[in-house]
Amino acid sequence: MVNNRSLIIVGGLAAVAWLASNSLYVVDETERAVKLRFGEVIEENIQPGLHFKVPITQTVRKFDTRVLTLDTDTSRYLTLEQKAVIVDSFVKWQVVNPTRYYEATSGDETMAIRLIQPRVDESLRNEFGRLDLQQIIAERRDDLMIRPTQELDALMRDELGVSILDIRVKRIDLPDDVSTAVYDRMRSEREREAREWRAQGQEEAERIRANADRRRQVLLAQANERAETLRGEGDAEAAAIFSEAYGQNPEFFTFWRSLNAYRASFDGERDMLVLDPSSDFFRYLKGPTPLDDTSGEE
């Protein structure tokens, strides 16, 4: 009797333990869950915490709701002008609707990735196809991915119950033939800009040079005018001095000028003059001539 009672107690405890383990479940902070009855969802988006379910008839599926990363394959896209670019990108995504996610993927993350990746590829293909190569190179990569991210997020929320948080381009490469064409185009543009800058510089240099020449001519004219004025004033002052000196002693002045004339006439070794000996030119060579006394006597 005692053994039977012990077995009943042990069996009861085991039943209670089994019932508790199959009736209670915990949803972690990083998870969301759905409750199923024979595969049909009867409770959606179960929040973190301790919850109860009916054993056997009800099951629970938990999904990781942390931000996940999908590293996409490197793909080749054509631009608006039909030039190829090679793009390496990745996607940040997150489960936001557990029920829709379960219905679309059965909660299989691998299946979700297989469904998301073609959509990302299509979105990027459309985005690069509407831009030319210059826009792709010039625009910031973050700005380039705004439109695809928004469009794909709306689509994936409806189809898979996941949110596309971000699409990031890690690298954009150009095929060799496109790289050569881009380099040639950039070089021609830089050469054109250089020619324009040189032309503008030449024009500015000519303008500065013409202005400097004009100012030079004005300054030279002003300097010449000033020099002629000073020269005229000096000549007038010299003439006045000579006139005053000549008026004080005309004979001495005549003698002094004759000496200067002799010096200038006989300066060279081969100088020769043909003059009449009685010419007035030899007046002061014939003998001493008394100078007139201009002082006068009282």
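Further up the page is the structure itself.
Here the residue numbers are simple positions, counted from 1 along each chain's written sequence. This being a predicted model, a pLDDT of at least 70 is required before a residue's local features are given, and a value of 80 or more before pairs of side-chain atoms are given or counted; all residues contribute to the totals for chains, interfaces and linings. Hydrogens and water are ignored here; the side-chain numbers use all heavy atoms of the structure.

S.K.: Requested: an account of the nonpolar core, with residues and values cited.
M.R.: The biggest cluster of nonpolar side chains holds 30 residues, and the ones touching the most others in it are Trp93, Ile116, Phe128, Val162 and Ile164. Of all the secondary structure elements, the ones that give two or more residues to this core are strand E2 (31-37), strand E6 (68-71), strand E8 (84-95), helix H2 (98-105), helix H3 (109-129), helix H4 (133-138), helix H6 (146-159) and strand E9 (162-173). Looking at which domains feed residues into this core, each of domain 1 (4-63) and domain 2 (68-174) gives three or more. Contact between two residues is taken to exist if any of their heavy atoms lie within 4.5 Å; hydrogens are not considered. Once you skip the residues sitting within four places of it in the chain, Ile164 turns out to touch Val91, Lys92, Trp93, Ile116, Thr149, Leu152, Asp153 and Met156. Among the nonpolar cores identified, the runner-up in size contains five residues, and Val27, Ala33, Ile46 and Val60 belong to it. To qualify as a nonpolar core, a set must consist of buried Ala, Val, Leu, Ile, Met, Phe, Trp, Tyr and Cys residues joined through side-chain atoms within 4.5 Å. Exposure is judged per residue with a 1.4 Å probe applied to protein chains only, and the accessible area is read against the type maximum: over 50% gives exposed, under 20% gives buried, and values in between give partly exposed. For the purposes of this entry, the term helix denotes a DSSP run of H or I that reaches at least four residues, the term strand denotes a run of E that reaches at least two, and both are numbered from the N terminus. Source of the domain bounds: an automatic or database domain assignment.

S.K.: Can you lay out the pairing of strand E3 (residues 40-46) for me, pointing to particular residues and giving the numbers?
M.R.: Two elements, E2 and E3, share four bridges in a ladder whose sense is antiparallel. For Ala33, the partnering residue across the bridge sits in E3 and is Ile46. By this definition, two strands are paired if DSSP reports at least two bridges between them. Where E2 folds back onto E3 in an antiparallel hairpin, the turn is made up of two residues, including Phe38, whose phi is positive at roughly 55°.

S.K.: Go over the packing of H3 against H6 with me, naming the residues and quoting the values.
M.R.: Lines fitted to the C-alpha atoms define the axes, with helices restricted to the stretch that makes contact. Angles between their N-to-C directions range from 0 to 180 degrees. Axis separation between H3 and H6 bottoms out at 10 Å; the angle between their running directions is 150°. The angle between H3 and H6 places the two elements in the roughly antiparallel class. As for how H3 packs across H6, the hand of that crossing is right-handed. Touching Ile116, Arg119, Val120, Ser123 and Glu127 of H3 are Arg147, Pro148, Leu152, Leu155, Met156 and Glu159, all from H6. In this classification, the charged set is Asp, Glu, Lys and Arg, the nonpolar set is Ala, Val, Leu, Ile, Met, Phe, Trp, Tyr, Cys and Pro, and all remaining amino acids, among them Gly, are polar. Along the lines of polarity and charge, the residues of the contact of H3 with H6 split into six nonpolar, one polar and four charged. Throughout this description, any angle smaller than 35 degrees is read as roughly parallel, any larger than 145 degrees as roughly antiparallel, any in the 65 to 115 degree range as roughly perpendicular, and the remainder as oblique. Crossing handedness: left-handed means the near helix sits turned counterclockwise from the far one by under a right angle, and right-handed means the same turn made clockwise.

S.K.: Can you tell me about the side chain of Lys53, naming the residues and giving the values?
M.R.: Tracing the backbone through its elements, the reader meets Lys53 in the loop between strand E4 (49-52) and strand E5 (58-64). For the charge count, each Lys or Arg is scored as positive and each Asp or Glu as negative, with His and the chain ends excluded. Every case where a carboxyl oxygen of Asp or Glu lies within 4 Å of a side-chain nitrogen of Lys or Arg is listed as a salt bridge. It turns out Lys53 is buried and unbridged, and the closest side chain with the opposite charge, Glu43, is 11 Å from it. With near-sequence residues (within four places) excluded, Lys53 lies in contact with Asn22, Ser23, Tyr25, Lys35, Gln58 and Val60.

S.K.: Quick one: what's the story with a nonpolar patch on the surface, residue by residue and with numbers?
M.R.: Only residues whose relative accessible area exceeds 30% and that take part in no salt bridge are eligible for patches, with like-charged residues grouped when within 9 Å of each other and nonpolar side chains (Val, Leu, Ile, Met, Phe, Trp, Tyr) grouped when within 5 Å. Note that accessible areas follow from Shrake-Rupley with a 1.4 Å probe, and for residues the cover is restricted to the protein chains shown. A cluster of nonpolar side chains, namely Leu24, Val26, Leu50, Phe52 and Val54, defines an oily patch on the protein surface of about 470 Å² accessible area. If you list the elements that add at least two residues to the nonpolar patch, you get strand E1 (24-27) and E4. Its location among the elements puts Phe52 in strand E4.

S.K.: Now, about the sheet that holds E3: what can you tell me, with residues and values included?
M.R.: Spatially, E3-E2-E5 is the arrangement adopted by the three strands of the open sheet, whose pairing is antiparallel. At either margin of the open sheet sits one strand with a lone partner, and together these are E3 and E5. When the angles between neighbouring strand axes are averaged without regard to direction, this sheet yields 20°. Contacts from H2 reach E2, E3 and E5 within the one sheet, and its direction differs from that of E3 by about 135°.

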